[in-house]
Amino acid sequence: MSDSVSARVENLRDEIRHHNYLYHVLDAPEIPDAEYDRLMRELIALETEHPELVTTDSPTQRVGDKPVSAFGTIEHKIPMLSLENAFSEEELREFHRRIVDRLDLAEKDAERLEYAAEPKLDGAAVSLQYENGVFVSAATRGDGTTGEDITHNVRTIDSVPLKLRGRGYPSLLEVRGEVYMPKAGFEAYNRKAAEAGEKTFVNPRNAAAGSLRQLDPRITAERPLDIYAYSVGVVEGGSLPDRQSEILDALQEWGLRASPERDVVTGVDGCLAYYDRLGKQRNDLAYEIDGVVYKVNELRLQRELGFVSRAPRWAIAHKFPAQEEMTIVKAVEFQVGRTGALTPVARLEPVFVGGVTVSNATLHNIDDLHRKDVRIGDTVIIRRAGDVIPEVVSVVESRRPEGTRSVSLPKKCPVCGSHVVREEGEAVARCTGGLFCSAQRIESLKHFVSRKAMDIDGLGAKIIEQLVDADRVKTPADLFDLEVDELAELERMGEKSAKNLVSAIEEAKETTLQRFLFALGIREVGEATALGLAQYFGQLDNIADADEETLQKVPDVGPVVARRIVEFFAEPHNTDVIAKLKKLGVKWPEKEPLSVPESGPLTGKTFVLTGTLSKMTRDEAKEAIVALGGKVTGSVSSKTDYVVAGEKAGSKLAKAEKLGVAVLD
Ligand code: IVH
């Protein structure tokens, strides 16, 4: 055996120990899990090939790390185990095959074998002790045998019952589960921490683990933590059902939370279908999951299967593709948006993450870039969750090479050279070039033609870019005298699509005031505000002539929005474009301004409309409510009086139910 192998083994061990310490003791991991897994797997492979190199202190010989000394310790009478992982369908099939062989099942029984399927929550494992139904203590998993006493902190989690409800629970009951921080709570926490200049958490799992390992429970109490139970440990003085799924039902009866996504499936095909289903739901779940867990449902069979070293033979974690990976920043460039906002974007060494190859990731804004201290040449963690734009999460400082370069906000717009300004108290810096800046022009035009604005079909980004670059289109008005011949000459265009495009542009001339207003791209005026303005004022001239005070009579229009609208119509270049558009035939039905009664039967009441209403459209319902003095807003809050829910009502209805807002059908 060569020296280089033993040197590599030692290196890997040192590196893994370092990351164990960062992860378990400091709650501040530096590398993504996928990278840690690779290091661990490489070490396992080398040790398997060269068993003579295995030492008792190798990280492969134990799981977890020492509890910090400031906490008391709690022994786990029944060890807290870990799970084997499957990273592919094939590995899952092997797992199932091993079980079938060990249990000596016939093929048709193998297909019918029940698995309890559950999401694999990404939080921190805990053990809760209940004596005669009363919560007495809680511990972390620690090294599996000894955990830290975190009773004082777990007590602060609202969803941990301090007394079990109902009856029939064993006099001694140890519940095991995962404490986690819901995504929304995690984001809100980080936003606040960043604003206050405090340390942010890298991901919800570390937020949960870090929050549990506070010496001061008052800090934990302020963290939005939650728990899902997934199994039991010690059970004395009573008995539990003999299936995993039924045990979770029983725990839920007694007041503990169990994941509502849990299910019972049969055979390996049932497992795979569950995996696909949860994979699709993953980004919409309120909490982070990194895979699913299948457990042989019948405890009798679990006992028959037993354990291998630290993991049960009867369970496995089927992991989703990693959403975080590591790569190198090659450059940082600034993209200019429709309103001139400069967004720093990291150009990356391409990396496969969240199922696709990513070569750009956003840094949100200049403060974010500086807070994370991202430099050119740095190794960074990239996160891509679902269809969300990939982002730079953090820098792996231990991998920072010599000679990295810091990035600063450019003084001039990288596209048009105009000055860049940053208003007091604003996170974003902006190019002052307005429509002189071709980037802003392109983005404004893309917005103008987009589906919820003028809805011009077939006018994609590539075509707009060519038209702007050739100076053929400077303002939205220039779109309306484009001719087939000139369009047909553009790249990615032919005679036929040019003709189609010209007729799409022609059709788009007939629009609505709401669409037109939204299309203008007035800052702060989104779809809902545009609708509110259109309904209230009825006609464009009324809006253009309104002062800030009058504008604020429209629901959802506050002083900032009102000022933006007044500023917009005070600019001659904006009113010129509007005049040209009208001259070229853009039109919409003008209506009478809404007569809002000084007071009506619904005065002071706020409504939210959701789903498909049966007797009228939502717009009609809105007009009717406003005519009676009520207000209609876009999102449900504690200030909402009524939610009108039609068919296929979704998250707004759910939120109303959660907040206890009255729902009208
Ligand atoms: S069962 C003997 N079920 O994953 C089986 N674990 O790698 C013990 N986890 O430490 C665990 N969700 O923190 C189980 N539905 C679930 C889980 C789950 C997350 C965590 C748990 C455990 C780790 C094992």
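Above this note sits the structure.
Residues numbered from 1 in each chain as written. Predicted model: local features only at pLDDT ≥ 70, side-chain atom pairs only at ≥ 80, totals over all residues. Heavy atoms only, no water.

Topic: the overall build of the protein
Reasoning step 1: Secondary structure summary: the protein contains 24 helices and 24 strands in total.
Reasoning step 2: Its C-alpha atoms give the protein principal-axis dimensions of about 85 × 70 × 55 Å.
Reasoning step 3: Here the protein holds 665 residues, and the buried ones make up 48% of them.
Reasoning step 4: Intrachain contacts of the protein at a sequence separation of at least 6 include 67% that bridge at least 24 residues. (Helix = DSSP H or I, 4+ residues; strand = E, 2+ residues; numbered from the N terminus. Buried < 20%, exposed > 50% of the residue type's maximum accessible area, 1.4 Å probe, protein only. Contact = heavy atoms within 4.5 Å.)

Regarding the pattern of salt bridges
Once the charged atoms of two side chains with opposite charge are near each other, the side chains can pair.
Reasoning step 1: Within the structure shown, the criterion is met by 47 salt bridges.
Reasoning step 2: When the shortest N-O distance is used, the salt bridge between Asp 33 and Arg 205 registers 2.7 Å. With Asp 33 in helix α2 (residues 33–49) and Arg 205 in helix α7 (residues 204–212), this pair connects stretches of sequence that are 172 residues apart.
Reasoning step 3: Lys 452 is the partner of Glu 527 in a salt bridge, and the nearest nitrogen-oxygen pair spans 3.7 Å. Here Glu 527, found in helix α18 (residues 527–537), pairs with Lys 452, found in the loop between α13 (438–449) and α14 (461–469); they are 75 residues apart in sequence, far enough to count as distant.
Reasoning step 4: Overall, the relative accessible area of 41% leaves Lys 452 in the partly exposed class.
Reasoning step 5: Connected via shared salt-bridge partners are Glu 15, Glu 35, Arg 38, Glu 325 and Arg 399. (Salt bridge = Lys/Arg side-chain N within 4 Å of Asp/Glu carboxyl O.)

Let's talk about the nonpolar core
Reasoning step 1: Of all hydrophobic cores here, the largest spans 56 residues; its most connected members are Ile 456 and Leu 533.
Reasoning step 2: In this structure Leu 533 touches Leu 517, Val 525, Gly 538, Ile 543, Leu 551, Val 554, Val 557 and Ile 565, once residues within four positions along its chain are discounted.
Reasoning step 3: Counting residues in each nonpolar core, the second largest holds 37 residues, with Val 160, Phe 186, Trp 254 and Leu 256 among its members. (Core = buried A, V, L, I, M, F, W, Y, C linked by side-chain atoms within 4.5 Å.)

Observations regarding the site of the ligand
Reasoning step 1: The environment of the ligand is made up of 14 residues, and the closest members are Glu 118, Leu 121, Glu 178, Tyr 230 and Lys 295.
Reasoning step 2: A distance of 3.3 Å is found between a nitrogen atom of the ligand and a backbone nitrogen or oxygen belonging to Pro 119.
Reasoning step 3: A distance of 3.0 Å separates a nitrogen atom of the ligand from a polar atom in the side chain of Lys 295.
Reasoning step 4: Its free accessible area being 520 Å², the ligand has 88% of it covered by the protein chains.
Reasoning step 5: Where the shell around the ligand is concerned, the elements lending two or more residues are β3 (114–121) and β10 (289–296). (Near = heavy atom within 4 Å. Polar contact = N/O pair within 3.5 Å; in protein donor to acceptor, adjacent residues only side chain to side chain. Areas by Shrake-Rupley, 256 points an atom, 1.4 Å probe, with all protein chains shown as cover.)

A word on helix α21 (residues 559–570)
Reasoning step 1: With 12 residues, α21 should reach 16 Å at 1.5 Å per residue; the first-to-last C-alpha distance of 16 Å fits that figure.
Reasoning step 2: Three or more residues of α21 are buried, namely Val 561, Ala 562, Arg 564, Ile 565, Phe 568 and Phe 569. The arc enclosing the buried residues of α21, seen along the axis, measures out at 160°, which places them on a common side. Exposed side chains of α21 directed beyond 90 degrees from the buried face belong to Pro 559 and Ala 570.
Reasoning step 3: Among the structural elements, α18, α19 (540–545), α20 (548–551) and α22 (572–583) are those in contact with the buried residues of α21. (Expected span 1.5 Å × (residues − 1). Arc of directions from axis to C-beta.)

Thoughts on the sheet that holds strand β13 (residues 315–319)
Reasoning step 1: Taken in spatial order, the five strands line up as β2-β13-β10-β3-β9 in an open sheet, and their pairing is mixed. The sheet is open, and its two borders are formed by β2 (84–86) and β9 (263–266), each paired with just one other strand. Neighbouring strand axes in the sheet, compared pairwise and without regard to direction, differ in orientation by 35° on average.
Reasoning step 2: The pairing of β3 with β10 spans seven bridges and is classified as antiparallel. What sits directly across from Lys 120, in β10, is Gly 291.
Reasoning step 3: Contacts from helix α3 (residues 89–103) reach β2, β3, β10 and β13, with the element oriented near 170° to β13.
Reasoning step 4: Against the sheet, helix α10 (residues 267–281) makes contact with β3, β9, β10 and β13, and its axis sits at roughly 135° relative to β9, the strand it touches most. (Pairing = 2+ DSSP bridges. Axes fitted to C-alpha atoms, helices over the stretch in contact; angles between N-to-C directions.)

Focus: the pairing of β10
A regular strand carries its side chains on alternate faces of the sheet.
Reasoning step 1: Across the eight residues that make up β10, a large majority, eight, are buried.
Reasoning step 2: Direction of pairing for β10 relative to β13: antiparallel, over a ladder of five bridges. Directly across from Lys 295, in β13, lies its bridge partner Ala 315.

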